[in-house]
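Breakdown of the fold
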2 protein chains.
Amino acid sequence: MTQQSAYELFYWPGLPGRGEFVRLALEAAGAPYIDHAQQPGGMAAMQALLEDPALPRPPFAPPFLRDGRLLIGQTAAILLHLGQRHGLAPAEEEGRLWCHQIQLTIADLVAETHDTHHPVASALYYEDQKPEAARRAKDFRDNRIPKFLGWFERILAANPAGPAHLVGHARSYADLSLFQTVEGLRYAFPRASARALQQTPHVAALAASVAEWPRIAAYLASPRRQPFSQNGIFRHYPELDG
Amino acid sequence: MTQQSAYELFYWPGLPGRGEFVRLALEAAGAPYIDHAQQPGGMAAMQALLEDPALPRPPFAPPFLRDGRLLIGQTAAILLHLGQRHGLAPAEEEGRLWCHQIQLTIADLVAETHDTHHPVASALYYEDQKPEAARRAKDFRDNRIPKFLGWFERILAANPAGPAHLVGHARSYADLSLFQTVEGLRYAFPRASARALQQTPHVAALAASVAEWPRIAAYLASPRRQPFSQNGIFRHYPELDG
């Protein structure tokens, strides 16, 4: 890694959301970054970039990351970039692709989690789509959480290097993202997640171990870490937890 | 590109679906491939791989692609791989990342399209979620189609190399995927798509031009190209088109 100026992260203020997957990678890398979501004027700075007609490669939506003259949107693309820069993914191509494949599957799970409370439209309030949310959340609890966590369990068990990491024998952004997703599911669906995690002990163990990586432990204890809330992707509505 | 044996594509038979994004890249590359979805026993071959306990890196879901000893799942990851192998993405890192970022945004649009007819659960029939589908489709028509197509229009207009391609001055898998998505939206939402495409002439022009790339034109005229139907992601239910 060459010496560089601080990264700049742009995301919605007041919630961990998808921005948190980027924060965790930056923290695990020990990379300097400015988190505009936690700076005065951060929201305006984000909106200005989203709407800047002079940008040749504008992001579609937050989060996005500035790395020098590069502006990168889409969480998985940001992590592909950071993983390569900071040793948070294998250097060889096959491993890098596998790590990315896992991340894309986590992204699918995250999108489905969001849609449990917003199955009709992101632009509407939860209160305006409660019956639809109740039906979608039931399928999510009964079928989707077990299917996704079951796949993570399977690939951890099948890892020739052992179940300590998702990709080979080393830490990767996939480990970090799975940790965050498990944390989010535990917050949003405490009962359904507890049931699923009892069946997926490698997943539970990996999530617990990531919280103890020294840089991650320091981050989690810092004010930089934001709590889950009713504004984010992972929301706790008891009626959706069955 | 080194000489290699044929790729093998595994996907659901009888529908273009997400497999079609992979097919289009393989066809544009002129790469030899076996499409198991169109072979006898293809479904069983796909299921066997999905459930094979000996695979160290099993895919989560179709489509997936075999390239020698590599088995790759997640459409965007497959395209990342093929794009690099076959010159369907820039060779330099920034352009490759931008191409991937566009693909991930297309993937989000494709997932949202699917959820217009399955807003509650993929495992249920459309007929079991019609009221929810009606509400979701309205938001999709009024807000999401214009927002996504508007972003593609914006990045085509902002491309310093001109609006003929999404990434620089060359053909990429992003062009192919946008073509397929526009085709799918036109099938599923003819009225809403026509309205949105009137506002996004660069998108309409790019889609029309991709259909004339010689290898794509040959493919579209061949029996290898499957029509859209009521079994896929892009389904035409007139009541959802408003």
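Figured I'd write up the structure that's included with this text. Predicted model, so just to flag it, every value in this text is computed and none were measured.

With 52 residues of chain B in contact, the opposing surface of chain A contributes 52 residues. Both faces combined, the contact of chain B with chain A buries some 4,600 Å², and carbon together with sulfur accounts for 52% of it. Sorting the residues of chain B by area buried against chain A places R57, F60 and R135 of chain B first, and these three jointly supply 17% of that buried surface. If you look at where chain B meets chain A, you find eight salt bridges.

Before going further, it helps to spend a moment on the side chain of T181 of chain A. All names here are of chain A. Note that T181 resides in helix α6 (residues 173-188). Of the residues examined, T181 reaches a relative accessible area of 1% and is grouped as buried. Setting aside anything within four residues of it in sequence, one finds T181 in contact with F21, I106, L109, V110 and F234.

Right, let's talk about unusual backbone geometry for a bit. Residue and element names in this part refer to chain A. Across the junction of P62 and P63, the peptide omega takes the value 0°, indicating a cis bond. If you trace the backbone, P63 turns up in the loop between α2 (42-51) and β3 (64-67). With a phi close to 70°, Q74 is a non-glycine residue in the positive phi region. By the secondary structure assignment, Q74 is in the loop between β4 (70-73) and α3 (75-85).

Residue and element names in this part refer to chain B. Spatially, the four strands line up as an open sheet ordered β2-β1-β3-β4, and their pairing is mixed. Edge positions in the open sheet fall to β2 (33-35) and β4 (70-73), since each of these has one partner strand only. Averaged over all adjacent pairs, the angle separating strand axes in this sheet is 20°, with direction ignored. Direction of pairing for strand β1 (residues 7-10) relative to strand β3 (residues 64-67): antiparallel, over a ladder of three bridges. The residue bridging L9 from the neighbouring strand is L65, located in β3. Each of β1, β3 and β4 is contacted by helix α3 (residues 75-85), which is oriented at about 130° to β4, the strand it contacts most.

Basis of the calculations
- Position labels on residues start from 1 in each chain and follow its written sequence.
- Chains carry letters and ligands carry numbers; both start at the beginning, A for chains and 1 for ligands, and go up in the order they are written.
- With the structure being a predicted model, the display of local features is reserved for residues of pLDDT at least 70 and the display and counting of side-chain atom pairs for 80 or more, all residues being used for whole-chain, interface and lining totals.
- Processing note: side-chain calculations cover all non-hydrogen atoms of the structure and skip hydrogens and water entirely.
- Working rule for contacts: check all heavy atoms of both residues, and any pair within 4.5 Å makes them a contact.
- Buried area is calculated as the accessible area (1.4 Å probe) missing from two parts once they are joined, with the contributions of both summed.
- Put simply, a salt bridge is a Lys or Arg side-chain nitrogen that is within 4 Å of an Asp or Glu carboxyl oxygen.
- A run of H or I in DSSP becomes a helix once it reaches four residues, and a run of E becomes a strand once it reaches two; helices and strands are each numbered from the N terminus.
- Categorising residues by exposure relies on relative accessible area from a 1.4 Å probe, with only protein chains included: less than 20% of the type maximum marks a residue as buried, more than 50% marks it as exposed, and the intermediate range marks it as partly exposed.
- Strand pairing requires that DSSP identify at least two bridges connecting the strands.
- Axis angles are defined between N-to-C directions and span 0 to 180 degrees, where every axis is a line fitted to C-alpha atoms and, for a helix, only to the segment in contact.

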